[in-house]
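Residue strings, one per chain:
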Amino acid sequence: MKARLLFATLLVAVLAAAGCSSSDDGGSQSGTGGSKTLTVWLMDGSAPDKLVADLNTEFQAAHSGVKVTYAKQQWNGIQDKLTTALASNNPPDVIELGNTQTAKFASSGALADLTGKVSDLGGQNWLKAMTESGAWQGKQYGVPFYAANRVVIYRTDLFSKAGVSAPTSLDQWISDGQKLAAANKSNGRFMPLYLPGQNWYFLSSLIWDQGGDLAVKNGDTWKGALDTQQAQAGIADYKQLFDSLSKAPADTDEATPQQFQVMAKGNIGMMIGLPWELNSAVGETPSLKSKLGAFPIPSHTAGKTAPVFLGGSNLAVSAGSKQQDLAYEWLKLLAGEKYQTRLAKENGVLPNSTTLAATALGDDPVLGAMAKGAEDGRITPNDPTWAAVEATPNPIKDMLTKILSGKASAADAAAEANNLITQKMAGS
Amino acid sequence: MSRTDLGTRPAPRRTGGLRAGPTTRKRLTRGLLNLAGVVTLLAFAFPVYWMFATAFKPSRDILTYTPRLLPWPPTLEHFQQAVSRPHFGDFLRNSLLVTLSAVLLSLVIATLAALAVGRFDFRGRKSYLLLVLVVQMAPFEALLIPFFFMLRQLDLLNQLPALVLIYFIFTMPFTIWTLRGFVVGVPRELEEAAMVDGCTRMQAFRRVVFPLLAPGLVATSIFAFVTAWNEFLYAFVFMRDPDKFTLPVWIASFRTAFGDDWGATMAASSLFTLPVLVFFLAIHRRLASGLTAGAVKG
Amino acid sequence: MGRAPAGVDPATAPAPSHGPAPGGPRRAVGATRRLPYLLVVPSLAAFVALLGYPLYQVVRISLLKLDLGELIRRETVFVGLANYRSILTDRFFWTVALRTVLFTVVCVTLTMVIATLVALLLERLGPGLRLAVEISLVLTWAMPALTATVVWQWLFDTQFGVVNWLLTTLGVGAFEGHSWFATGLSTFAVITIIVVWQAIPFVAITLYAGLTAIPRELREAMRVDGASPWRSFWSLILPVLKPLFMVTCFLSIIWDFKVFTQVWLVRQGGPNRQTVTLSVYAYQEGIATSHFGRAAAISVTMVVLLLAALVFYIRLMLRTQEDL
């Protein structure tokens, strides 16, 4: 009897499934009765829901008969999803791409060429590194959406108790950290700086600061550049910071566990992170609210800040979009001054335009520190093959772990990582 | 595979190694058995418990230098957050529909096939069984792109029935294999008696064999259920509209570029696991008897 | 649940020692000759339509250069066996293949041994404790792989892990700040624990169900004859459960050989690629880097390797079918 009941339920379920799906079809297909549907994909966390809703209302008012379908996508698994979506018969019209992902999709012909629209979009004011990340072989495919870069988030209360202030050079940073450690000796868990072994974005900063790079292009081929004298100096800086100020594991990155969770426990003086991580730490331990500040990553040259990796996203119109003009109009609205200003304020990110940054971020000290660092923003080698280097197993991370845990010399580990980078960028 | 050393050693050690008075020995054996039971229970239950406990912990207690065994004070915050995600209702409905439909389809078609291979010796039977075995070796992650080509051609991308078909074909080989054993377990005499009474072959199947297969059907359905219920990749990649995803996508959605919300992930996973437990408890007695009958036969 | 373990249904209980099985296939005669074919047609059609095409595509794609560009521009670029050549000449591939085989052997052996012990134990426990163990087994099985892996990673975490805390507190050693993921072997140990832990419930419950079906009289008879538990396991339990061992072992081999989620989530094949298994290799070399042709070639190679390894096993399994 039970089995029969189960079967009846299952049967109803199947019929219901069939019914539901057929009724759904009508809604999601475009072009019924003269109205058009524009499909827009943004990543989870990129823009507040309210902002997108407002933008869509404005857009739909200006384009009667157009309906915007907005779908928020998760980063987890996004590459498979974008790949199949862009290869499907009706790809989404506007998509967001991570800035290190853009070259790969641009070079494959998945994105519409927007070179002719750059000045219409105010491209002369875009953040340089972001503009570069959206370009491929002299053409512009990606339009900078927003960016963010790492700053040093620190405990203002512990700093003033130890009698130190925000450092302006690498050496001062280390000596400040040591003073901080001395002032907190009684706390066995205390570490002045939480620096896990695999924060390769931060390593990039240090390498760039020494005048090196991760990889260099020689003619048509890329080659890993971690064995250069400059890069080795950057690696040595990382090791010095790690050895003298941090007790974090050598074999994890800043996300496992999330470093803001560690900082929220109250035993950490500084961490190198993005502004949202400060907010998240406060979210876990509200009493930290008035005790956290930020300063740009100091350079080894006193008084300067180190170059930073500009993380962020680009917007693009898919090459297969059947409504390229409408898609462009929507993109233009989001990349324009009005919504960029709101985005910067509401999400605490850098807007795409340098002229907007100053006004949009106001006098928030943390965002100010980020904007200051962003003046020397860089990106990883802009090539479709770079994504393969970043994809796990990231040879730079493995190299760091080996060096910091003493399993290999900096020169040997760098040589091995270099080979892997060269090999991966050969695209085989 | 070293089939010969499977679990042979410890058994005698546990009961045979002690030479004492019969009652003392018995009591000692019982004590040791219970101890082993408790150790097994802890080994399996602890990580599961940790999931439930974490779901009730305030965020800042999730990672602590000294572990907090009890979620104290407990909070429902993570559950509220998980359930209040937009489209949660849609996800739940989709998951139920897709999973149950796939399981039903799989059971119906597999039952027919199981009757054939369990009751008849026909030409090609062995090849068919071989096919059913070998098909289970296909790595399903690798079929993503091929399935994509197929769905694109059929215009089935972003359609829930596509997921039903995929989960159905993922679970069918296993279901055929197991159900076949159950069919063999049903005495042929019962069926023949029915045919003597004037039933046709199919009527005999329907009236005699089928009711006796019920435990087997229920037992195999739990395997199919767990498989389809947990599938993430295909659901995430092939569905597009925000209201067409399934619960595994919901669970993964608490891990974002802006930090992982572990409290909500654990709360969602706890809720996600419950239907399986309920299902198991409901069929518990039949599962044991059913599985055995089928499996011992083959 | 009642004391009588899993009520042995007289209709479905096997009769291992009473001659041929009651059911079993027979050569069909007359009008019913077509029936078996009609019965397998739906499933066969489903195989061909739903799996045949994708499988054909995998093989076809494995002969193509199919990167992101070709996929999006819908180009077909035949490269013959180039994908296979590049894999088979990659020394790392062979390391990974060997590693995967070893990993599978360890996981399956552990799974089968522990599951057998758990099944034997379940049969001897009191009803309360037994139900508790059973529920914990089912929950273990039902827990999403993602969640299970995350929880285990927390337990083994360097700074906040329960394992390190426990070992330090119990005085086993100074495990504070010990990293379980520093070496390949140690990471593999953690992965093995996770995989085996989640694989045991299926096998244990199945074997336990098999045990309960062995008629009590048979066992009583053996005990009266003075047979040791050791002997009764060998001469009674093992032969009866043999087909069951074979099926669960076969499925375990397939599953552990292909397992991806747990291995990937723990350290994405790290440290330093030392826990890359074949499925992770296929993902990293193929899907993640958008070389779909190569990904397909790796998958085909995987299946061929698995088939080659299991050819005897499959023959054995098919032969046991003959007895029915």
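Everything quoted here is computed from the prediction, not taken from an experiment.

Draft legend 1. Quick peek at the overall build of chain C. Broken down by element type, chain C carries 13 helices and 1 strand. Helices and strands in chain C line up, N terminus first, as β-α-α-α-α-α-α-α-α-α-α-α-α-α. The buried share of chain C, taken over its 324 residues, is 49%. Across chain C, every contact between residues at least 6 apart in sequence was considered, and the portion connecting residues at least 24 apart equals 69%.

Draft legend 2. Structural view of the overall build of chain B. Helix and strand counts for chain B come out as 12 helices and 3 strands. Here chain B, with 298 residues, has 53% of them falling under the buried criterion. The contacts of chain B with a sequence gap of at least 6 include a subset with a gap of at least 24, amounting to 76%.

Draft legend 3. Main features of the sheet that holds strand 8 (residues 191–194) of chain A. Residues and elements named next belong to chain A. The strand order 8-11-7-12 describes an open sheet built from 4 strands, whose pairing is mixed. Of all strands in the sheet, those bounded by a partner on one side alone are strand 8 and strand 12 (292–295). This sheet shows a mean twist of 20 degrees between the axes of neighbouring strands, independent of strand direction. Inspection of the sheet shows strand 7 (residues 151–155) paired to strand 12 by 4 bridges, in the antiparallel sense. Of the residues in strand 12, the one forming a bridge with tyrosine 154 is glycine 293. Its contacts with the sheet put helix 11 (residues 275–284) on strand 7, strand 11 (268–273) and strand 12, and the angle it makes with strand 12 is roughly 170 degrees. Against the sheet, helix 15 (residues 365–374) makes contact with strand 7 and strand 12, and its axis sits at roughly 15 degrees relative to strand 12, the strand it touches most.

Draft legend 4. Molecular detail of the confidence of the model for chain B. Residue and element names in this part refer to chain B. Chain-level pLDDT for chain B is 83 on average; 87% of the residues reach the 70-or-more range. Across chain B, helix 3 (residues 77–83) holds the top mean pLDDT of 94, while helix 1 (residues 10–16) sits lowest at 39. Between residues 1–18, whose pLDDT stays under 50, and residues either more than four places distant or in other chains, the model counts 30 contacts. Residue range residues 290–298 is modelled with pLDDT below 50. Its contacts to residues more than four positions away, or to other chains, number 50 contacts.

Draft legend 5. Fine view of the pairing of strand 6 (residues 143–148) of chain A. Residues and elements named next belong to chain A. Of all the 6 residues making up strand 6, 6 are buried; the element is thus mostly covered by neighbouring parts of the structure. As defined by bridge partners, strand 6 adjoins strand 14 (residues 311–317) across 5 bridges and the pair is classed as antiparallel. Its bridge partner lying in strand 14, alanine 147 is registered against glycine 312. With 2 bridges joining them, strand 6 and strand 15 (residues 350–351) adopt antiparallel strand pairing. Directly across from alanine 147, in strand 15, lies its bridge partner leucine 350.

Draft legend 6. Focus on the packing of helix 7 (residues 160–185) of chain B against helix 1 (residues 35–61) of chain C. As a packed pair, helix 7 of chain B and helix 1 of chain C sit with axes 10 Å apart at the nearest point and diverge in direction by 135 degrees. The angle between helix 7 of chain B and helix 1 of chain C places the two elements in the oblique class. The element helix 7 of chain B and its partner helix 1 of chain C pack so that their crossing is left-handed. Where helix 7 of chain B abuts helix 1 of chain C, its residues B:Leu165, B:Ile169, B:Met172 and B:Ile176 lie against C:Ser43, C:Ala46, C:Leu50 and C:Leu51. In the contact of helix 7 of chain B with helix 1 of chain C, the residues fall into 7 nonpolar, 1 polar and no charged.

Draft legend 7. Broad picture of unusual backbone geometry. Residues and elements named next belong to chain B. With an omega of -5 degrees, the peptide bond running from tryptophan 72 to proline 73 counts as cis. Despite not being glycine, aspartate 155 has its phi angle at roughly 60 degrees, a positive value. Summarising the element assignment, aspartate 155 is placed in the loop between helix 6 (144–154) and helix 7.

Draft legend 8. Examining the interface of chain B and chain A more closely. Facing the 37 residues of chain B at the interface are 34 residues of chain A. The element that contributes the greatest number of residues to the side of chain B that touches chain A is helix 4 (residues 88–119) of chain B, accounting for 7 residues. Considered class by class, the residues forming the side of chain B that touches chain A number 24 nonpolar, 7 polar and 6 charged.

Draft legend 9. Examining the environment of A:Ala71 more closely. Secondary-structure assignment places A:Ala71 in strand 2 (residues 66–73). For the pair A:Ala71 and A:His300, spaced 229 residues apart in the sequence, the C-alpha separation amounts to 44 Å. Among residues more than four places away in sequence, those in contact with A:Ala71 are A:Trp41, B:Arg240, B:Asp241 and B:Pro242.

Draft legend 10. Seen up close, the sheet that holds strand 14 of chain A. All names here are of chain A. Reading across from one edge, 2-1-3-14-6-15 is the order of the 6 strands in this open sheet, with mixed pairing throughout. Edge strands, defined here as strands with exactly one partner in the open sheet, are strand 2 and strand 15. When strand 1 (residues 36–43) meets strand 3 (residues 94–98), the two strands line up parallel, connected through 2 bridges. Paired with valine 40 across the bridge in strand 3 is valine 94.

Draft legend 11. How the structure looks around helix 5 (residues 125–135) of chain B. Every buried residue of helix 5 of chain B is listed here: B:Tyr128, B:Val132 and B:Leu133. Buried residues in helix 5 of chain B, looked at end-on, bunch into an arc of 140 degrees, giving them a common side.

Draft legend 12. Looking closely at the pairing of strand 1 of chain A. All names here are of chain A. In terms of strand pairing, strand 1 meets strand 2 through 8 bridges, oriented parallel. Paired with leucine 42 across the two strands is lysine 72, which belongs to strand 2. Taking the sense of rotation as the criterion, the β-α-β connection linking strand 1, helix 2 (residues 49–62) and strand 2 turns out right-handed.

Draft legend 13. The arrangement of helix 7 (residues 170–183) of chain A in detail. Residues and elements named next belong to chain A. Helix length check: helix 7 (14 residues) gives 20 Å between terminal C-alpha atoms against 20 Å at 1.5 Å per residue, within 8%. Those residues of helix 7 that sit buried are Leu170, Trp173, Asp176, Gly177 and Leu180. Each buried residue of helix 7 sits inside an arc of 120 degrees when the element is viewed along its axis, so together they form one side. At its buried positions, helix 7 is contacted by helix 6 (156–162), strand 8, helix 9 (229–245) and strand 11.

Draft legend 14. Local environment of the packing of helix 4 (residues 91–124) of chain C against helix 8 (residues 184–212) of chain C. Residue and element names in this part refer to chain C. Helix 8 packs onto helix 4 with a crossing angle of 40 degrees between their chain directions and a minimal axis gap of 6 Å. Taken together, the axis directions place helix 4 and helix 8 in an arrangement best described as oblique. Helix-helix and strand crossings are classified by hand; for helix 4 and helix 8 the assignment is right-handed. Of the residues that constitute the contact of helix 4 with helix 8, the class distribution is 20 nonpolar, 4 polar and 1 charged.

Draft legend 15. Expanded view of the confidence of the model for chain C. For chain C, the mean per-residue pLDDT works out to 85, and 88% of the residues sit at or above 70. With a pTM of 0.85, the predicted complex shows an ipTM of 0.84.

Draft legend 16. Focus on the environment of A:Val389. Examined against the element boundaries, A:Val389 turns out to sit in helix 16 (residues 386–390). Exposure remark for A:Val389: the 26 C-beta atoms within 10 Å place this residue in the buried category.

Draft legend 17. Main features of the environment of A:Ala85. Residues and elements named next belong to chain A. The residue alanine 85 is located in helix 3 (residues 78–86) in this model. Classification of alanine 85 as buried rests on a count of 25 C-beta atoms within 10 Å. Put simply, alanine 85 and threonine 69 are 16 residues apart on the chain and 15 Å apart in space, counted from C-alpha to C-alpha. Contact partners of alanine 85, with chain neighbours within four places excluded, come to Pro91 and Pro92.

Cut-off values and rules
Residues numbered from 1 in each chain as written. Chains lettered and ligands numbered in written order. Predicted model: local features only at pLDDT ≥ 70, side-chain atom pairs only at ≥ 80, totals over all residues. Helix = DSSP H or I, 4+ residues; strand = E, 2+ residues; numbered from the N terminus. Buried ≥ 20, exposed ≤ 12 C-beta atoms within 10 Å, placed from the backbone. Contact = placed C-beta atoms within 7 Å. Pairing = 2+ DSSP bridges. Axes fitted to C-alpha atoms, helices over the stretch in contact; angles between N-to-C directions. pLDDT = per-residue confidence, 0-100. Parallel < 35°, antiparallel > 145°, perpendicular 65-115°, else oblique. Left-handed = near helix turned anticlockwise from the far one by under 90°. Nonpolar A, V, L, I, M, F, W, Y, C, P; charged D, E, K, R; others polar. Arc of directions from axis to C-beta. Right-handed = clockwise from strand over helix to strand, strands pointing away. Expected span 1.5 Å × (residues − 1).

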